[in-house]
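Results of the structural survey
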Amino acid sequence: LSLTAIVATPASIMARTPRTTILHLVLTLCILSAQSTPSLASSAIDEFLGCLSADIPSRLIQTPATPSYSALLLSTAWNLRYILPDTSKPIGIIAATEHAHVQTTVRCGRRHGVRVRVRSGGHDYEGLSYASVHLHNQAFAVLDLAALRAIHVDQARAEAWVESGATVGELYYAVGAASRSLGFPAGSCPTMGIGGHLSGGGFGSLARKYGLSADNVLDAVVVDADGRLMNRSTMGEDLFWAICGGGGESFGVVLSWKVRLVPVPETVTVFSIIRSRNQSAIELITKWQEIAPVLPQNLYLRVLVLNQRATFQALFLGRCGCLHGLMQDRFPELGMTKQNCQEVSWVQSTVFFGFSTTSIPTEQLLNRSSNPRYYLKAKSDHVQEPIPRDVWESIWTAWLEKPEAALLMLDPYGGLMSSISPSKTPFPHRQGNLYQLQYYSFWYENGTAAAEKRMSWVRGLYKEMEPYVSKNPRAVYVNYRDLDLGTNELDGNVTSYEKARVWGEKYFKGNFKRLAAVKAMVDPDDFFKNEQSIPPLPAAKI
């Protein structure tokens, strides 16, 4: 999820980033190669690197001893918490430019005991695509897919092939360039990598009309744990199901995706309306909970709460006049007028949600560095019953008025989301959920004091909300990864299924067992492993 528009516009990022943070990044580039890397016999590392170099050009292989290692590692390390000295770093980074490079990396890793983590855009909230937090004794390499970013749009068939290293913004731009009447349902942050976004589900402003990104995947190309290249027909439906919402990093390396493009009007409407507490913000949020999930599918209305103000942002698949009439009928309390409307193309609406403006060109979607870097801790919930007004009053006073208060995001479900079976994909959060609630704490200050203050805020508010959100389990969207939920432990040489259920069933509910069964079929030795990877289901559980 992008905070580009909330935290800083592209032209003002450096101006609003404290000089201490800029200095921190510069120093990081100087000292990163000396920071912690997992232990492995030097001979094994040399053999792994030698195995790679037999088929991959040396310029594409970076180690802590090479001059470009730090710059490549930091290139899409968006969460500054995971470039600190106590975080384990990869023993090597492979900047793959061909599918064969990925196959070689997997095979060499298997042969020489080096795990492989995959990074497409680096937006994993807990940095697991490029860093290790708890598995310090397991050497790993990073496969960086940023160069695998080709996009081919077939306008006539309303389909596209997109490689995992492309960004959401690049896909939006390509679709918009091909047709004004086609779109794709995905998230608001243009710098997110397609690979991670689609493999976790992919929620965005078109979800109520067309479902998640993963609901619109038609085919994929995957490298499995044996280094084999497979598509949907050769991988089988179980593995295809698992990668479409179950986190592709647990099962292999997804290289590319064939996606269904969806019809959109040539002209759509967006608006952004800000209300403070003394402008009835709390009353409006309370009312929004009942209205937003049951609005027509062609209207998406979310709420962002920051700096003691609530911002109501909308996308309507139609013209302003129709939207105005609908809002007057269904949510007159918001006070929306025709002057609030902006009529734009669908691709320009993605600029609006990425940057909170329609005044910059769509080419900004291609800017891979438009997202600011900061320290981040996020948590999320699903809300199934409207939270009473007095609770919102209490939350606002006790939590949102604190100096360290961060961002709340309320994203409505309903529409098509409610009619899709919870087992169609691994993403189970369908019927019965009014909206998704995210607590997003970000800060620029260095040091443990700033981190503890901000993280205490987000964790404290999360605890405070427990009575008012989903239960048994307290459900979480996997793309909003949260290591507070639990981390993997070994049972022999593989990840413990029983221990992983603690966090896994919060993300996937009843789909977690099926995911583990797929893992046991395609990666029984648990090669693709991280702090929250899917474990193989033990034979006794099958």
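Residues numbered from 1 in each chain as written. Predicted model: local features only at pLDDT ≥ 70, side-chain atom pairs only at ≥ 80, totals over all residues. Heavy atoms only, no water.

**With respect to the overall build of the protein chain**
Looking only at helices and strands, the protein chain features 18 helices and 20 strands. When its C-alpha atoms are laid out on the principal axes, the protein chain stretches across 70 × 55 × 50 Å. Considering only contacts in the protein chain between residues 6 or more positions apart, those separated by 24 or more positions represent 76%. Computing the positive centroid from 52 side-chain charges and the negative centroid from 47, the protein chain places the two 2 Å apart. (Helix = DSSP H or I, 4+ residues; strand = E, 2+ residues; numbered from the N terminus. Contact = heavy atoms within 4.5 Å. Lys, Arg positive; Asp, Glu negative; His and termini not counted. Charge placed at Lys NZ, Arg CZ, Asp CG, Glu CD.)

**Side note on the domain arrangement of the protein chain**
Along its sequence, the protein chain is carved into domain 1 (42-144), domain 2 (151-263) and domain 3 (268-344 + 374-465). If you look at the interface, domain 1 gives seven residues, while domain 3 gives nine residues. Here E126 and K377 are joined by a salt bridge, their closest N and O atoms 2.7 Å apart. When grouped by side-chain class, the residues that make up the side of domain 1 that touches domain 3 number four nonpolar, one polar and two charged. (Domains from an automatic or database assignment. Salt bridge = Lys/Arg side-chain N within 4 Å of Asp/Glu carboxyl O. Nonpolar A, V, L, I, M, F, W, Y, C, P; charged D, E, K, R; others polar.)

**Thoughts on the packing of helix α7 (residues 168-178) against helix α14 (residues 346-355)**
Orientation of α7 relative to α14, taken along the N-to-C sense of each, is 155°, at an axis distance of 8 Å. With respect to their mutual orientation, α7 and α14 come out roughly antiparallel. Handedness of the α7/α14 crossing: left-handed. Contacts between α7 and α14 involve Y172, Y173, V175 and G176 from the first element and W346, V347 and T350 from the second. Across the contact of α7 with α14, the residue classes break down as five nonpolar, two polar and no charged. (Axes fitted to C-alpha atoms, helices over the stretch in contact; angles between N-to-C directions. Parallel < 35°, antiparallel > 145°, perpendicular 65-115°, else oblique. Left-handed = near helix turned anticlockwise from the far one by under 90°.)

**Regarding unusual backbone geometry**
A cis geometry characterises the amide bond from N472 onward to P473, with omega recorded as 5°. Tracing the backbone through its elements, the reader meets P473 in the loop between α16 (448-464) and β19 (490-491). At N307, a residue that is not glycine, the phi angle is positive and equals roughly 55°. Within the fold, N307 resides in the loop between β13 (299-306) and β14 (309-316). Taking the relative accessible area as the measure of exposure, N307 reaches 62% and is therefore exposed. Positive phi values are uncommon outside glycine, yet S356 reaches one of about 60°. Checked against the element boundaries, S356 lands in the loop between α14 and β16 (375-383). (Buried < 20%, exposed > 50% of the residue type's maximum accessible area, 1.4 Å probe, protein only.)

**Some points on the pattern of salt bridges**
In the structure shown here, the tally under the stated rule is 36 salt bridges. For the salt bridge of E531 with R117, the shortest nitrogen-to-oxygen distance reads 3.1 Å. On the criterion of sequence distance, the pair formed by E531 in the segment after α18 (511-522) and R117 in strand β3 (residues 115-119) is long-range, its members being 414 residues apart. Of the two residues, E531 and R117, neither departs from the other in class, the shared state being buried. E170 serves as the salt-bridge partner of R149, at 2.6 Å between the closest nitrogen and oxygen. In this pair, R149 sits in the loop between β4 (140-144) and β5 (151-154) while E170 sits in helix α7, placing the two residues 21 residues apart along the sequence. In this structure R149 comes out as partly exposed when scored by relative accessible area, which is 37%. For E170, a relative accessible area of 7% translates into the label buried. Through salt bridges with shared partners, a single network forms among R81, E126, K377, K379, R459, D482 and D484.

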